[in-house]
Amino acid sequence: MTTSSAQPERYNPKSTEAKWRKIWNDRQSFKADDDSSKPGYYVLEMFPYPSGKLHMGHVRNYTIGDVITRYKKARGFAVLHPMGWDAFGLPAENAALDNNAHPKTWTYDNIAAMKKQFELLGLSFDWSREVATCDVAYYHQQQKIFLDFMRHDIAYQKEAEVNWDPVDNCVLANEEVIDGRGWRSGALVEKRKLTQWFFRITKYAESLIDGLKTLNEWPEKVVTMQENWIGKSQGVRFKFNLLDMVPGYGEKNIEVFTTRPDTIFGASFVAIAAGHPLATALAKTDPALAAFIAECQKGGTAAADIETAEKLGYNTRLKVPHPFDKKIELTVWVANFVLMGYGTGAIFGCPAHDQRDLDFANKYTLPVRPVVIPDGEIAEAFRVTKLAYTAPGRLFNSDFLNGLEVDAAKKVAIKKFEEKEIGTAETQYRLRDWGVSRQRYWGCPIPIIYCPDCGTVPVAEKNLPVLLPEDVTFDKPGNPLDHHPTWKYVSCPNCGTNATRETDTMGTFVDSSWYFMRFCDPHNKDKPFDKKKAEKWLPVDQYIGGIEHAVLHLLYARFFTRAMKECGYIDLEEPFKRLFTQGMLTHQTFKDANGKWLYPEEVEKRDGKWVKIDDGTAVDAGDVIKMSKSKKNTIEPTSSIDAYGADATRLFVMSDSPADKDLEWSTAGIDGAWRFVNKLYRMISESLDGGLPNLTEKPSSFSDNATALRKITHRSIQVFTDSLEKFQFNSALARLREFTNEITAFKASTMDEKWALREALESVVRIINPFMPHLSEELWETMGHQAILADSDWPVIDVELARRDAVTIGVQVNGKVRATITLPVGCDIKIAEETALAHKDVQAWIDGKAIKKVIVVPDRIVNVVVA
RNA sequence: GGCCCCGUGGCGGAAUUGGUAGACGCUCACGACUUAAAAUCGUGUGUCCUUCGGACGUGCCGGUUCAACCCCGGCCGGGGCUACCA
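> Could you give me a rundown of the overall build of chain A, with the residues and numbers involved?
From N to C terminus, chain A includes 26 helices and 38 strands. Dimensions of chain A along its principal axes, counting C-alpha atoms only, are 105 × 90 × 65 Å. Of the contacts made within chain A by residues no fewer than 6 positions apart, 71% connect residues no fewer than 24 positions apart. As displayed, chain A has an accessible area near 39800 Å², and 50% of this comes from carbon and sulfur atoms. If you average the places of the 109 positive and of the 118 negative side-chain charges in chain A, the two averages end up 2 Å apart.

> Give me the lowdown on the protein's contact with RNA strand B, citing residues and values where you can.
The environment of RNA strand B is made up of 49 residues, and the closest members are Thr 259, Lys 311, Tyr 342, Asp 656 and Thr 808. Thr 258 is positioned with one of its side-chain polar atoms (N or O) 3.1 Å from a sugar or linking oxygen of RNA strand B. Separating a phosphate oxygen of RNA strand B from a side-chain N or O atom of Tyr 342 is a distance of 3.0 Å. Considering every element that reaches the surface near RNA strand B, the biggest residue donor is helix H21 (residues 729-745), with 6 residues. The residue makeup of the surface near RNA strand B, split by class, is 19 nonpolar, 14 polar and 16 charged.

> Kindly report on the layout of surface pockets, identifying the contributing residues and their values.
Taken as a whole, the second largest pocket encloses approximately 1800 Å³ of empty space. What lines the second largest pocket is a set of 50 residues, among which Tyr 49, His 55, His 58, Glu 548 and Lys 626 lie closest to the centre. Listed by contribution, the elements that provide at least two residues to the lining of the second largest pocket are helix H2 (56-74), helix H13 (508-511), strand E27 (542-546), helix H16 (552-566) and strand E28 (579-582). The greatest single-element share of the lining of the second largest pocket, amounting to 5 residues, is contributed by H2. Split by residue class, the lining of the second largest pocket holds 22 nonpolar, 17 polar and 11 charged.

> Would you mind going over empty space enclosed by the protein in detail, with residue names and values included?
Following the criterion strictly, the structure yields 3 cavities of 30 Å³ or more and no others. In this structure, the largest cavity spans a volume of roughly 190 Å³. Elements supplying a minimum of two residues to the lining of the largest cavity: helix H3 (90-99), strand E6 (170-172) and strand E26 (505-506). Of the residues in the lining of the largest cavity, the class split is 6 nonpolar, 5 polar and 6 charged. Considering only enclosed or pocket space, the second largest cavity measures out at about 70 Å³ in volume. Around the second largest cavity, the lining residues are Arg 70, Ala 74, Arg 766, Asn 769, Leu 789, Ser 792, Asp 793, Trp 794 and Pro 795. Class assignment for the residues of the lining of the second largest cavity results in 4 nonpolar, 2 polar and 3 charged.

> Quick one: what's the story with the sheet that holds strand E20 (residues 437-438), residue by residue and with numbers?
Strand pairs in the sheet, formed through backbone hydrogen bonds, run parallel or antiparallel to each other. Spatial strand order, E20-E26-E21: 3 strands in an open sheet with antiparallel pairing. Looking at which strands have only one partner, the edges of the open sheet turn out to be E20 and strand E21 (444-445). Sheet analysis places E21 next to E26, joined by 2 bridges and oriented antiparallel. Pairing of Cys 444 across the sheet is with Met 506, part of E26.

> I'd like to hear about the state of the cysteines, residue by residue, with values.
Summed over the entire model, instances satisfying the criterion amount to 0 disulfides. Counting only cysteine sulfurs, Cys 134 is the nearest neighbor of Cys 444, a cysteine outside any disulfide, at a range of 11 Å. Unpaired in this structure, Cys 567 has its nearest cysteine sulfur neighbour in Cys 444, at a distance of 15 Å. Here Cys 567 falls in the buried class, since its relative accessible area comes to 14%.

> Help me get a handle on the packing of aromatic side chains, residues and values and all.
Applying the stated rule across the entire model yields 58 aromatic pairs. Both rings, one in Trp 434 and one in Tyr 556, keep their centres 3.7 Å apart while their planes meet at 10°; by these two values the pair is stacked. Of this pair, Trp 434 sits in strand E19 (residues 434-435) while Tyr 556 is found in helix H16, placing the two residues 122 residues apart along the sequence. Note on accessibility: Trp 434 and Tyr 556 belong to one class, buried. These aromatic residues form a ring-pair network of at least three members: Phe 146, Phe 149, Trp 197, Phe 199, Tyr 204, Trp 434, Phe 509, Tyr 556, Phe 559 and Phe 560. Positioned above the aromatic ring of Trp 537, the side-chain terminus of Lys 536 is 5.1 Å from the ring centre. Here the guanidinium or amino end of Arg 710 rests over the ring plane of Phe 702, the centre of that ring lying 4.7 Å away.

> Which residues make up helix H18 (residues 646-655), and what values do they have?
Within H18, 10 of the 10 residues are buried, leaving the element largely enclosed by the surrounding structure. If you check which residues of H18 are buried, you get Ala 646, Asp 647, Ala 648, Thr 649, Arg 650, Leu 651, Phe 652, Val 653, Met 654 and Ser 655.

> Describe helix H12 (residues 406-419), and please don't skip the residues or the numbers.
Between its terminal C-alpha atoms H12 stretches 20 Å, which fits the 20 Å expected from 14 residues at 1.5 Å a residue. Among the residues of H12, those classed as buried are Val 406, Ala 409, Ala 413 and Phe 417. With its buried residues spanning 75° around the axis, H12 presents them on a single face. Turned more than 90 degrees off the buried face of H12, the exposed positions are Asp 407, Lys 411, Lys 415 and Glu 419. Elements that come into contact with the buried residues of H12 comprise strand E10 (233-241), strand E16 (372-373), strand E17 (394-395) and strand E18 (423-428).

> Hey, could you go over the sheet that holds strand E2 (residues 78-80) for me, with residue numbers and the actual values?
Read from one edge to the other, the open sheet built from 4 strands follows the order E2-E1-E27-E28, with strand pairing classed as parallel. On the outer flanks of this sheet lie E2 and E28, each paired with one strand and no other. Averaged over all pairs of adjacent strands, the angle between their axes in this sheet comes to 20°, without regard to strand direction. H2 contacts strand E1 (40-45), E2, E27 and E28 of the sheet and is inclined by roughly 170° relative to E1.

> How would you sum up the packing of helix H19 (residues 667-689) against helix H23 (residues 773-782)? Please name residues and give values.
Close contact between H19 and H23 brings their axes to 11 Å; oriented N to C, the two are set at 5°. Here H19 lies roughly parallel to H23, going by the angle between them. In this structure, H19 uses Val 677, Leu 680, Tyr 681, Ile 684 and Leu 688 to contact H23, whose residues at the interface are Leu 775, Leu 779 and Thr 782. For the contact of H19 with H23, a count of residues per class yields 7 nonpolar, 1 polar and no charged.

> Give me the lowdown on the pattern of salt bridges, citing residues and values where you can.
For side chains of opposite charge, pairing can occur when their charged atoms come near one another. Per the counting criterion, the structure on display carries 37 salt bridges. Asp 148 serves as the salt-bridge partner of Arg 151, at 3.3 Å between the closest nitrogen and oxygen. Of this pair, Arg 151 and Asp 148 both sit in helix H5 (residues 136-151), separated by 3 residues, roughly a single helical turn. Arg 151 sits in the exposed class, given a relative accessible area of 55%. A single network of salt bridges, built from pairs that share partners, joins Lys 19, Glu 778 and Glu 781.

> Which residues make up unusual backbone geometry, and what values go with them?
The omega torsion of the bond from Leu 464 to Pro 465 falls at 0°, within 30 degrees of zero and hence cis. Relative to the helices and strands, Pro 465 resides in the loop between strand E23 (455-458) and strand E24 (489-491). Geometrically, the link from Leu 538 to Pro 539 is a cis peptide bond, its omega value of 0° lying close to zero. The topology assignment puts Pro 539 in the loop between helix H15 (531-537) and E27.

Reading the values: the criteria
Residues numbered from 1 in each chain as written. Chains lettered and ligands numbered in written order. Predicted model: local features only at pLDDT ≥ 70, side-chain atom pairs only at ≥ 80, totals over all residues. Heavy atoms only, no water. Helix = DSSP H or I, 4+ residues; strand = E, 2+ residues; numbered from the N terminus. Contact = heavy atoms within 4.5 Å. Areas by Shrake-Rupley, 256 points an atom, 1.4 Å probe, with all protein chains shown as cover. Lys, Arg positive; Asp, Glu negative; His and termini not counted. Charge placed at Lys NZ, Arg CZ, Asp CG, Glu CD. Near = heavy atom within 4 Å. Polar contact = N/O pair within 3.5 Å; in protein donor to acceptor, adjacent residues only side chain to side chain. Nonpolar A, V, L, I, M, F, W, Y, C, P; charged D, E, K, R; others polar. 1 Å grid on protein atoms, 1.4 Å probe; cavity = no way out; pocket = protein on both sides within 12 Å on 5 of 7 lines; lining within 4 Å. Points joined across faces, edges and corners; volume = space filled by probe spheres on them. Pairing = 2+ DSSP bridges. Disulfide = S-S within 2.5 Å. Buried < 20%, exposed > 50% of the residue type's maximum accessible area, 1.4 Å probe, protein only. Phe/Tyr/Trp six-rings, centres within 6.5 Å; stacked < 30°, edge-to-face > 60°. Lys NZ or Arg CZ within 6 Å of the ring centre and 35° of its normal. Expected span 1.5 Å × (residues − 1). Arc of directions from axis to C-beta. Axes fitted to C-alpha atoms, helices over the stretch in contact; angles between N-to-C directions. Parallel < 35°, antiparallel > 145°, perpendicular 65-115°, else oblique. Salt bridge = Lys/Arg side-chain N within 4 Å of Asp/Glu carboxyl O.

Here you go:
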C-alpha cells in the first residue's frame, strides 16, 4: 500500500543526475572545437591542487565557471572550458613521509578520486584536454621554456640572500612570504645566502604596471594590489662624497635614493643600513659598531615588531658635505630602520618631512629644519616637533627652490642634480626577481648540468626531458634528488667530464604560469603549444578564482605571458581579459566544553541552544569563518550532493550571496534550495497533467490575461539574462523565483492561456539550465523535446512583449510619498502632473496650500512642492 | 603608519546608480490539509503610536538638493592589502 496518490511526486536527483551526465558525456557535449566557425570564448577556473578531496570552495568556483560556459554556449559561442591539475608540490612529499606512498602514486590517486567528485557536479569540462603539471608531457615542455628563457636572459642564476623555510626545507619567493612566514608552513622565514635560479620579472616591471591600465574588466582591488606589490616610485639617486677613504670600502662616496629631492635642504643626517658595505668596513675596526649591527639583524619583520620597534642608530662620526652647500656637514649614522634591500641601502634624513627621520632625530637630538610650509603658515612661526609635515606646500630655506610648490620643486631639484652631475633621476621598484629554485623532489627538474670545467651547461633540447627519477627515498632530510645514488651524476654534454645535475626543481608557480596556454593544444609533443591554436582561444575571456592569488599566480602568469612573447611563443601580453574573484565559503564554528573543535554534524540546536548530539552537553557556537579543516567547520560537497543532489547544491552556492562576497553555508539555505528544486519539478509536472498545447500551435490572438503572462515571461527572461551577464547570479535567481511565483498564481483555462503557460514554463526550464543542468534537461525531456538543452540556444526575447507599457510611480508632496499612480511608459509630463494632482490623497496633503512647483521625472516620480 | 573596501529588518541580501527603501529568500508566528507528524499550500513578519491612519527609519553628526542608502565634509565601527620601501 502506498500513499503516493496523496503525496506530491518528488524529484529523484540521484538517478536523474547520473542519467544526464552520461548523455552529455556520450554526446561529447562540451568538447571544444578548434576549427569552429563560431566565435571562441575561453572560460577558465583556476585549476586545483589535487588534494584528493573536493571542498565547497571548489564547488562555488567551478559552478560559476559552469554557469558561464553553459550560458555562453547557448548564446552561440564555441566555448573552451578545460580542466587540469596543479599537481606538483610539497604536500605529495609530506604524504609520502606520512603514509609511505610515493608522491607520484599519491598524486595520481588523488586526481582520480577528485575527478570522480567533480563529475558528480555535472560540470561542463572538456576532459579531453585534461593535463596534470606532473605529467612528463607537460614538464618536458616546461623545461624547453626554461631553456628559452635562459637564451633570452630571462632565466639566470645568482647568489643572493633568499627566504629559507626551515620547516619545508626549501627556498621561497618573496611573494610566498606572508608576514615573515612561509605561506604554506607558517614557519618563520630565515635569510640564507644561496645560489639560485631566478626569472627576471623586474625587467617587465614597467610593462606589468602599464598593462594594469588595460585590465578594466579586472576587480579594481586586484589591480591595486598588484600596483602596490610592484611598488613603483620615482626619485633621484645621488652621492654624498666622503672626505677620506675608508679602508675596506671601495667607494669614495655614499649613494642614496630619495623620492623627495625637493627636501634636500632639510637634510640633517645620512643613514645607512646595518648591512651596508660601508658599515661592514667600519665595523672591522669598531667593535661597538659590530655589536650594534649584530643587534639590528636580530629584529623581526612581523607587523607587531615594526609597530613597536624603536629607531636605533650608531654614530660613525664620519661627515659628508651637503651636495649643494659645502658649509653644511652631515653626520653618517648606521640605522636600524634603513633597509639594505631597497634603493641603495642608504638615505639622507630629513626629519621635518619624514616621520621616521623625525623620530630618529628626536631620539638623537639631531637638527630639524623645515623646508616645506603649508599654505597660510608663516615661515618664522612654523615648527615641526612630533609630527613630520608630509603634505603639499611651498619651499623655503631652500636656496634655488624657494617659493616653489613641492611638485615643481622636485622637478627643479632633479634637474639641478643632473646638471651638476651629482645624481640622476631614477625609478625604483619594490618588485624583486622571482626565485624559482626549490630544494624539493616533487617538481619540474631544472634542465641544467654543472661541469667543473665548462661551468653551467644547459641540457640540450634533444636530450629533454630531464626525467624525475621514481626510485627515490625520503629516509633522510633534504632533497631526495640530492641523495639519489646515480641520477645526479652525468657527463658534461660539452666535454664529457664528470659533472652533476641541478638537483633543485622549479617552484609550482612556474607550472601554473602557462597551463592556460597548454590547454589550447594540450597534447602537442614537439612544443609547448601551437601558436595558431593558442591564438584562437587566448586571452582567456573569463578567468575565475580566489582573491588569494591576486599577487602570486596572477602576477606570475602576466609576467610569463610577456616572457613567452619575447621568446616568440605567442603574440600576447595580458593572458586574462576578464577576471572574477569569488568569495570564500564560511561556516559557523563549534567547540565543546573542553575547547575542542566539533564538526557541524556533531551538534544540533535544541530549544534554541546548541548541544552535542551524542551526549547533549552544551556547545559553544563561535564565529562564522572560512571553512577550514583545522576548525572543523567544513561541509563535504559529496554529502550535500548525496542528500540533495548536485543541482540543489549548485543552486544554493549561487543564490544566497553575491558571488564575489563570502557565503555562509547553512542547513536552512540548502534546504531552501532543495525545496525550490522540487517546486519547479512539481510546477511543471502538475501543469503538464492539465494538458498544454505545443508551442508550434500558436493561437492567432491572445486574451489580456494570456498577454499579461507572456509579458511577464519575456520581461523575466530579459531581467534574468541581464543579471547573468553582470555576474549578479543571486539577483538573477531572485527574479527567477518571482517569475515562478507569478506562474504558480496564473490560472489557465482557455487555449491561448494554456499556450502562454507553456511558453512560461519552457522559458523557466531553459533559463535555469546553466544553474541546474540536470533538472532542466529532465524537465525539457518531460515536456516532449528531442533536442537536449546542452545543445540548444538561449530563449529569444520578444522585445515588444518584454517592454513595460505601464509603470507605477510614487507621488510625493514635499518629498514624502503620499500616493502612487500608474501611467503609460513615456507618458507626457503634463498628463503625469495632472494625474498626480488629481489624486485624492495628494489633494488632501496639498490641503489648499499654494503649489510652488511640480517636478516630474518621467517613469520615475512626481514631487509636488507646496508652501 | 600608508593605500583600499564595506556598514540597509531577527538573518542573507535587493534597490533600474539621485527618484515608491527593504524585491527574492531564510527564520519566526498563525491558519488550511492530516487521527497525528513530515511534506505542501495560504496569511503575516523594519520600529513606534490603541486603530483608520500616521510618525520614524539605510552606523553617527552635519551639508548640497524639490528629492540622498547613493553626492560632499567630519566622526564611529568592521574588513582587506601592504609595510621602517626613503
